[in-house]
Amino acid sequence: MNPENTPAPPLQFGLKTILAITAAFAALFAAGVWFGIKGFVGFLLLAALIAISVKPEMRFGDRVVSTILLLLLTGCLLPAFDESPYIAARRSQCTSNLKQIGLGLQNYADFYGCFPPAYLTDENGKPMHSWRVLILPFIEHKALYDQYDFNEPWNGPHNLLMAKTLPSVFRCPSDTPNKGATTNYVAIVGPETMWKADHGVTFSEIKDGASMTIAVVEVADAKINWMEPRDLPFSAVSQGINAKQGGGISSAHPGVVIALFADGHTQTLSETTPIDVLKALCTKAGGEEIQDGF
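Residues numbered from 1 in each chain as written. Predicted model: local features only at pLDDT ≥ 70, side-chain atom pairs only at ≥ 80, totals over all residues. Heavy atoms only, no water.

## Some words on the environment of Leu 144
Counted only if it meets this: Secondary structure is summarised from DSSP: a helix means a run of H or I of at least four residues, a strand means a run of E of at least two, and numbering begins at the N terminus for each. For every residue, the accessible area (1.4 Å probe, protein chains only) is compared with the maximum for its type, and the residue is labelled buried under 20%, exposed over 50%, or partly exposed between those bounds. Contacts are residue-level and defined by heavy atoms, with any inter-residue pair within 4.5 Å sufficient.
As for its placement among the helices and strands, Leu 144 is situated in helix H6 (residues 142–147). The class of Leu 144 is buried, set by a relative accessible area of 12%. Along the primary structure Leu 144 and Met 162 are separated by 18 residues, whereas in three dimensions their C-alpha atoms are 8.1 Å apart. Setting aside residues up to four positions removed in sequence, Leu 144 forms contacts with Leu 136, Met 162, Pro 167 and Trp 226.

## Some details on the nonpolar core
Going by this rule: Buried Ala, Val, Leu, Ile, Met, Phe, Trp, Tyr and Cys residues form a nonpolar core when they are joined through side-chain atoms within 4.5 Å.
Counting residues in hydrophobic clusters, the biggest one holds 39 residues, and the most contacted among them are Ile 101, Leu 105, Trp 195 and Val 216. Sorting elements by how many residues they give to this core places helix H4 (residues 84–112) first, with six residues. Not counting the four nearest positions on each side in its chain, Ile 101 is found in contact with Trp 131, Ile 135, Ile 139, Val 169, Phe 170, Tyr 185 and Leu 260.

## What about the pattern of salt bridges?
Here is the rule we go by: Any carboxyl oxygen of Asp or Glu within 4 Å of a side-chain nitrogen of Lys or Arg constitutes a salt bridge here.
Across all of its chains, the model carries five salt bridges by this definition. For Asp 231, the salt bridge is made with Arg 132, and the minimal N-O distance between the two is 2.9 Å. Of this pair, Asp 231 sits in the loop between strand E6 (224–225) and strand E7 (232–233) while Arg 132 sits in helix H5 (residues 131–134); the two residues are 99 residues apart in sequence, bridging distant segments of the chain. For the pair Asp 231 and Arg 132, a shared accessibility class is recorded, and that class is buried. Measuring nitrogen to oxygen at the nearest pair gives 3.0 Å for the salt bridge that ties Lys 142 to Asp 146.

## Comments concerning the packing of aromatic side chains
Quick reminder of the rule: A pair of Phe, Tyr and Trp rings is counted when the ring centres sit within 6.5 Å of each other, with Trp represented by its six-membered ring. The angle between the planes then sorts it: under 30 degrees is stacked, over 60 is edge-to-face, the rest tilted.
For the structure shown, the criterion picks out ten aromatic pairs. Here the aromatic rings of Tyr 108 and Phe 138 are separated by 5.6 Å at their centres, their planes lie at 70 degrees, and the arrangement is edge-to-face. On the criterion of sequence distance, the pair formed by Tyr 108 in helix H4 and Phe 138 in the loop between H5 and H6 is long-range, its members being 30 residues apart. Take Tyr 108 and Phe 138: they sit in the same class, and that class is buried. Here Phe 111 and Phe 138 contribute two aromatic rings whose centre-to-centre distance is 6.0 Å and whose plane-to-plane angle is 55 degrees, an arrangement assigned as tilted. Remark: Phe 138 occurs in the loop between H5 and H6 and Phe 111 occurs in helix H4; sequence separation between them is 27 residues. Here a set of aromatic residues connected by ring pairs shows up, and it is made of Tyr 108, Phe 111, Tyr 112 and Phe 138.

Put into structure tokens, the structure is as follows:
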């Protein structure tokens, strides 16, 4: 038989090869999920470097040259994998979430004649139910609201089951994934602000103007369950934006946070926003003069 006419043997893979390929694709996917496009590029670069280093027939000099060329090629390609569109998309979704919350607050105010209270309390003054629960019927989550039991606290045996179900509107897509149904959107609470316990303020009480009074801000990794009647105290505003110690107004958006105002509009606030301006924006009747373009 002519060797040239002999059919090529079928391509075969052993179990180890199949498992290795599966593991490689899983690692590639994980790198992309954790680090975005640059994760994909970094993983492929690392895989190529490993392949070069373990290839037995390649001389040391060839390995060095190949590695340098691979690094140069990666450096040239990285600008093409700019993550800014992904950052912008997540920031846009965060803004959309806050706008939906703002619409819920406006609809609540139209229905009840006032904004929701920061929380409802029991007869002893203990916080029981958050404003985030109160606005559920006004942000297209009436079915979830109807399941809530106002006869027990938010973390009662029945409600605690619901606490694990986080409506996506209460979570910034840019925040670090964590366990539990925690929110990134909190009210600024205190007697100076538009949020009180058991009493919702009216538009007429916001003497600084609804368009100049912050209602809700972002807090990165807030560790506050979305149903928990806990928010950010006015005193925390003194830390500024994206303070290193954390715990105050902060976000996963580079250099800025997104704030929701009482009139329903959203605005980005820079890390460089002066603290006195930030405080003035969080009071409802402070009478402060704030220049446009703060």
